[in-house]
Amino acid sequence: MIWCGCPHKLKNMSIRGLKKKQPKTFKVKIITVDAEMEFSCEMKWKGKDLFDLVCRALGLRETWFFGLQYTIKGMCTWLKMDKKVLDQEIPKEDPISFHFLAKFYPEKVEEELLQEITQHLFFLQVKKQILDEEIYCSPEATVLLASYAVQAKYGDYDPNFHEPGFLAHDELLPKRVLRQYQLTAEMWEEKITAWYAEHRGIARDEAEMNYLKIAQDLEMYGVNYFPIAQNKNHTDLLLGVDAKGIHIYSINNRFSPNKSFEWSAIRNISYSEKELTIKPLDKKAEVFKFFSSQLKVNKLIFQLCIGNHDLFMRRRKVDSIEIQQMKAQAKEEKARKKMENQRLAREKQLREEAERAKEELERRLFQLEDEARQANEALLRSQEAAELLAEKAQIAEEEAKLLAQNAAEAEQERQRLEITALKTKEEKRLMEQKMREAELIAVKLVKESDRRAKEAEHLKQDLHEAREAERKAKQKLFDITRPNYPHVAKYPQYSPADTREANFDKGSIKLDLKDIDLKRLSFEIEKERLDYLEKSRKFEDRLKELKSEIHALKLEEKQSGLYSHWNEVLGSLDRSLGNAPSWMKTFEAGDSLDINLQRPFPAYLLNTASSWPCTNKIQHTVPMEKSSSQANSLVANSVGTETRKQIIKVQQHDSDVIYI
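Residues numbered from 1 in each chain as written. Predicted model: local features only at pLDDT ≥ 70, side-chain atom pairs only at ≥ 80, totals over all residues. Heavy atoms only, no water.

**Q** Would you mind going over the pairing of strand S10 (residues 266-272) in detail, with residue names and values included?
**A** Pairing between S10 and strand S11 (residues 275-280): 6 bridges, direction antiparallel. By the bridge assignment for S11, Asn268 is matched with Lys279. (Pairing = 2+ DSSP bridges. Helix = DSSP H or I, 4+ residues; strand = E, 2+ residues; numbered from the N terminus.)

**Q** Give a description of helix H5 (residues 139-154) that names residues and reports values.
**A** Between its terminal C-alpha atoms H5 stretches 22 Å, which fits the 22 Å expected from 16 residues at 1.5 Å a residue. Downstream of H5 by a residue or two, Gly155 has a phi angle that is positive, lying close to 80°. (Expected span 1.5 Å × (residues − 1).)

**Q** Quick one: what's the story with the pattern of salt bridges, residue by residue and with numbers?
**A** Under the definition given, this model contains 33 salt bridges. We note a salt bridge from Arg315 to Glu112, for which the minimum N-O separation is 2.7 Å. Here Arg315 is found in helix H9 (residues 295-315), whereas its partner Glu112 is found in helix H3 (residues 109-112), with 203 residues between them in sequence. Note on Arg315: relative accessible area 23%, which makes it partly exposed. Between Lys289 and Glu275 there is a salt bridge; the shortest N-O distance is 3.9 Å. (Salt bridge = Lys/Arg side-chain N within 4 Å of Asp/Glu carboxyl O. Buried < 20%, exposed > 50% of the residue type's maximum accessible area, 1.4 Å probe, protein only.)

**Q** Lay out the packing of H5 against helix H8 (residues 204-215) with the relevant residues and their values.
**A** For the pair H5 and H8, the least separation of the axes is 8 Å and the interaxial angle reads 160°. The orientation of H5 relative to H8 falls into the category roughly antiparallel. Regarding H5 and H8, the two cross each other, and that crossing is left-handed. Together, Leu144, Leu145, Tyr148, Ala149, Gln151 and Ala152 of H5 and Arg204, Ala207, Glu208, Asn210, Tyr211 and Ile214 of H8 make up the contact between the two elements. (Axes fitted to C-alpha atoms, helices over the stretch in contact; angles between N-to-C directions. Parallel < 35°, antiparallel > 145°, perpendicular 65-115°, else oblique. Left-handed = near helix turned anticlockwise from the far one by under 90°. Contact = heavy atoms within 4.5 Å.)

**Q** Tell me about the sheet that holds strand S6 (residues 224-228), and name the residues and values.
**A** On the basis of which strands lie adjacent, the open sheet formed by 4 strands has the order S6-S7-S8-S9 and antiparallel pairing. With partners counted over all chains shown, the strands left at the sheet margins are S6 and strand S9 (259-262), one partner each. The average undirected angle you get between the axes of adjacent strands in this sheet is 20°. Pairing analysis gives 4 bridges linking strand S8 (residues 245-250) to S9, with the strands arranged antiparallel. Each residue of the ladder has a partner; that of Ile248, found in S9, is Lys259.

**Q** Just give me the short version of the packing of aromatic side chains, but keep the residues and values in it.
**A** Inspection of the entire model under this criterion finds 18 aromatic pairs. Ring centres of Trp64 and Phe65 lie 6.0 Å apart, and the angle between their planes is 50°; this geometry places the pair in the tilted category. With respect to burial, Trp64 and Phe65 carry one shared label: buried. Aromatic pair Phe261 and Phe288: ring centres 5.7 Å apart, planes at 45°, arrangement tilted. Here Phe261 is found in strand S9, whereas its partner Phe288 is found in strand S12 (residues 288-291), with 27 residues between them in sequence. Owing to a relative accessible area of 8%, Phe261 belongs among the buried residues under this scheme. A network of ring pairs unites the aromatic residues Phe51, Trp64, Phe65, Phe66, Phe100, Tyr105, Phe122 and Tyr221 as a single cluster. Taking NZ or CZ as reference, Arg254 lies 4.9 Å from the ring centre of Tyr225, over its face. If you follow Arg314 out to its NZ or CZ, it ends over the ring of Trp64, 4.2 Å from the centre. (Phe/Tyr/Trp six-rings, centres within 6.5 Å; stacked < 30°, edge-to-face > 60°. Lys NZ or Arg CZ within 6 Å of the ring centre and 35° of its normal.)

Remember that the coordinates give geometry; whether it matters functionally is a separate question.
Rendered as structure tokens:
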């Protein structure tokens with residue numbers, strides 16, 4: 001059979017077929033409690049087509065609990081399943097937003113919620129309603145519910161992992177509860193964690209189920225409230241629809257209903273415009289009528305009543321094959337999960353025991369390593385102690401030998417010190433004897449000085465008389481010889497009487513010059529000077545010998561350490577010098593007894609001009625007139641503790657000084 005036709009018609013048919021293959025679509029955004037999805041829907045789709053698409057995307061089989069909700073003119077409305085989506089009064093937006101929420105609530109969550117996804121969606125929605133305060137919950141119950149929510153999210157509590165502050169970004173309690181008790185976030189977290197720690201071993205789906213089991217006992221759970229009035233002018237009541245029936249509440253009390261109509265006691269529900277009528281099953285009972293604000297509200301109430309009543313009747317009938325299969329699968333899944341959880345719990349327990357055993361073995365290993373280390377350290381210390389003891393034994397042996405040697409040396413030293421002590425006593429005696437001799441010499445020097453002072457006084461007087469006689473003799477001689485020198489004009493003129501007097505005294509001048517023998521006097525003075533020098537030299541030699549002996553004794557005393565003898569000797573010397581004459585000037589500290597006769601008696605030389613001895617080349621000379629008035633003194637000073645150094649200055653005249 002061959003089809004013949006116009007090519008233009010064939011072209012039009014192909015275009016129309018292509019248009020049929022590509023139908024027009026519109027975009028839809030589905031918002032669940034925890035996610036958002038977008039779909040492309042055909043223009044002719046009904047509400048059920050879109051709803052089935054969303055349930056397939058979620059993997060949901062218990063579809064009778066849920067619906068698609070949208071908001072229009074400030075009122076929440078559910079999408080009708082039997083009408084086209086675009087034919088309903090939906091928002092004009094692109095994409096069109098719908099909320100996928102639970103429309104009907106089960107009476108017993110544990111028996112009716114079979115799938116895990118269904119349970120999870122109910123858990124998220126009820127949790128949000130409690131946090132948004134759409135369902136009232138006591139503070140104690142909110143803390144317990146929050147602990148189950150934390151268990152479902154984080155699993156078992158681990159103090160090492162869940163440190164303080166890990167719940168800071170989670171919303172777990174209603175704001176009303178937070179404002180009521182004025183507790184800090186740390187305090188609330190501590191309370192929630194205390195309950196959370198007790199839920200150890202509970203799986204996520206089990207924790208969510210426990211959450212719903214507690215929430216379903218709350219008064220406002222699963223109730224949809226609508227404002228109504230018993231007459232057309234007032235809205236002083238609330239009508240609540242839930243899984244058990246219809247309840248009438250006062251406007252200020254949503255917990256305890258004033259009147260309730262269970263689904264089993266309701267015969268009929270009808271509405272006409274704003275009036276809604278509830279007819280009880282008992283025909284004798286009063287029919288309840290009320291008015292709502294809008295017709296849409298009555299339609300919404302009527303839809304909720306039909307849905308809840310159908311579910312109520314469905315629960316009390318024999319389950320369909322689909323429900324039976326779902327329950328069997330849910331039961332098997334729960335048994336499988338239970339076994340899996342038990343297996344995981346056993347494995348976890350075994351792992352924890354293995355970890356504890358490992359920790360114990362590691363601790364034991366560490367302890368054994370520590371004990372081995374301590375044993376090695378003790379062994380090393382014992383070896384070091386043995387070596388140290390050996391060294392100490394060797395050192396002790398050497399010290400014993402050294403002590404024996406030191407004992408022998410000490411015995412020799414003791415004997416030497418005894419001998420030295422005997423020598424020191426003898427030397428002390430000799431030193432005292434020499435000091436006494438030095439004192440005698442000093443006394444002799446004092447006496448000699450006194451004698452010399454007297455002789456000097458006599459010589460001074462004789463010198464004065466001799467000079468006076470010489471002056472007179474020169475004057476008389478000048479007077480006698482004056483006439484022979486007439487040319488001398490500078491001499492004074494004498495009268496004849498003076499001349500006669502000069503002649504008269506000439507014999508007496510000659511007699512005076514004859515009485516005084518100047519040569520003899522000079523000779524005696526020179527002799528005395530030589531004798532003094534000889535005595536001074538001998539005294540100096542003697543003192544030098546004493547110096548050398550004292551120095552030797554001091555050296556021996558330093559070696560033997562016997563300083564007390566020197567203190568006694570020097571004390572006796574101080575006592576002996578304390579009685580010395582006043583001409584001893586100083587007694588100072590020095591390295592030794594230095595005896596220096598720096599200024600001996602002057603050498604008296606004859607002066608041709610005066611025919612009288614005079615002093616030359618003598619440092620620091622003093623006039624003879626002052627020599628007799630100078631005092632003779634001795635001053636002794638001692639310094640030092642280890643050695644005693646002495647200098648004795650002996651001065652007879654200013655020109656006669658002896659340093660000791």
